Amino acid sequence: VGSEDCTPWTATPITPLPSCRDYVEQQACRIETPGPPYLAKQQCCGELANIPQQCRCQALRFFMGRKSRPDQSGLMELPGCPREVQMDFVRILVTPGFCNLTTVHNTPYCLAMDEWQWNRQFCSS
Amino acid sequence: TGQYCYAGMGLPSNPLEGCREYVAQQTCGVTIAGSPVSSEPGDTPKDRCCQELDEAPQHCRCEAVRYFIGRRSHPDWSVLKDLPGCPKEPQRDFAKVLVTPGQCNVLTVHNAPYCLGLDI
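Read on for a plain summary of the structure. Note that the structure is predicted; figures quoted are calculated from it, not measured.

What counts and how
Residues numbered from 1 in each chain as written. Chains lettered and ligands numbered in written order. Predicted model: local features only at pLDDT ≥ 70, side-chain atom pairs only at ≥ 80, totals over all residues. Heavy atoms only, no water. 1 Å grid on protein atoms, 1.4 Å probe; cavity = no way out; pocket = protein on both sides within 12 Å on 5 of 7 lines; lining within 4 Å. Points joined across faces, edges and corners; volume = space filled by probe spheres on them. Helix = DSSP H or I, 4+ residues; strand = E, 2+ residues; numbered from the N terminus. Contact = heavy atoms within 4.5 Å. Salt bridge = Lys/Arg side-chain N within 4 Å of Asp/Glu carboxyl O. Polar contact = N/O pair within 3.5 Å; in protein donor to acceptor, adjacent residues only side chain to side chain. Nonpolar A, V, L, I, M, F, W, Y, C, P; charged D, E, K, R; others polar. Axes fitted to C-alpha atoms, helices over the stretch in contact; angles between N-to-C directions. Parallel < 35°, antiparallel > 145°, perpendicular 65-115°, else oblique. Left-handed = near helix turned anticlockwise from the far one by under 90°.

Structural notes on the layout of surface pockets
Step number 1: Of the pockets and cavities examined, the second largest pocket occupies roughly 230 Å³.
Step number 2: Around the second largest pocket sit 15 residues that line it, and Asp114 of chain A together with Arg72, Pro75, Glu89 and Arg92 of chain B are the ones nearest its centre.
Step number 3: Considering every element that reaches the lining of the second largest pocket, the biggest residue donor is helix α4 (residues 88-95) of chain B, with four residues.

Let's talk about the interface of chain A and chain B
Step number 1: At the interface, 26 residues of chain A touch 26 residues of chain B.
Step number 2: Inspection of the region where chain A meets chain B yields three salt bridges.
Step number 3: Linking chain A with chain B are four residue pairs in polar contact (both at pLDDT 80 or more), by the criterion used here.
Step number 4: Looking at the side of chain A that touches chain B, the elements with two or more residues in it are α2 (18-29) and α5 (83-90) of chain A.
Step number 5: Among the elements that line the side of chain A that touches chain B, the one with the most residues is α5 of chain A, at four residues.
Step number 6: Tallied by class, residues from the side of chain A that touches chain B come to 15 nonpolar, five polar and six charged.

Points about the packing of helix α1 (residues 20-28) of chain B against helix α2 (residues 45-55) of chain B
All names here are of chain B.
Step number 1: Between α1 and α2, whose axes approach to 8 Å, the crossing angle comes to 130°. By the angle between their axes, α1 is oblique relative to α2. Of the two elements, α1 crosses α2, and the hand of that crossing is left-handed. Contacts between α1 and α2 involve Glu21, Tyr22 and Gln25 from the first element and Pro45, Lys46 and Cys49 from the second.
Step number 2: Within the contact of α1 with α2, the residues separate by chemical class into three nonpolar, one polar and two charged.

Written out as structure tokens, the structure reads:
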């Protein structure tokens, strides 16, 4: 994963991506977000852009959390908007159609976003 | 075809074949070699993809996505393909949201514009 220390983005008890929660709810379920519709995207992508390239996918894994641990996730189970559907969006937030940000792979997508592919190092956090 | 949702019975033999271009474009910003991308209204990659999803019976749409992305136990059985500069894996992640409001916005077997349980 390179030499970058991603701990600040994968260990805080509070989500490092609060605006992305809004953006994901808007995209996944048409839930209205504060301000004009484009604002949620702008703020979420800004937050993601502030995370070092090497750490973006890790931060997204941490943000969505494990399927079995809704208490340790930046996403909320909502009526008509299952957390599972929101998780599908989190894994593609860096792609060209959304924030278009390069990652540790030097491309605008993340790999190994399925829970079973997460490495041990990340699991322990 | 009634209640069935199999490739070739209830669904085309290569479900969502018409979505490959849109998925590659959205996932990696690439086009599939040899297929020029139309930007004509009504004929964009997104239009063609959504039309195909729309034509599938509502209760078969998630099953169509499932055929399209393949199953983890049989990674070779999918309509999606590895492309230069665009591996199948992130395309698969994108394809899971095709039915949602910001994409094709079609109802599914859950009577909502989303699919569940695609991680199999």
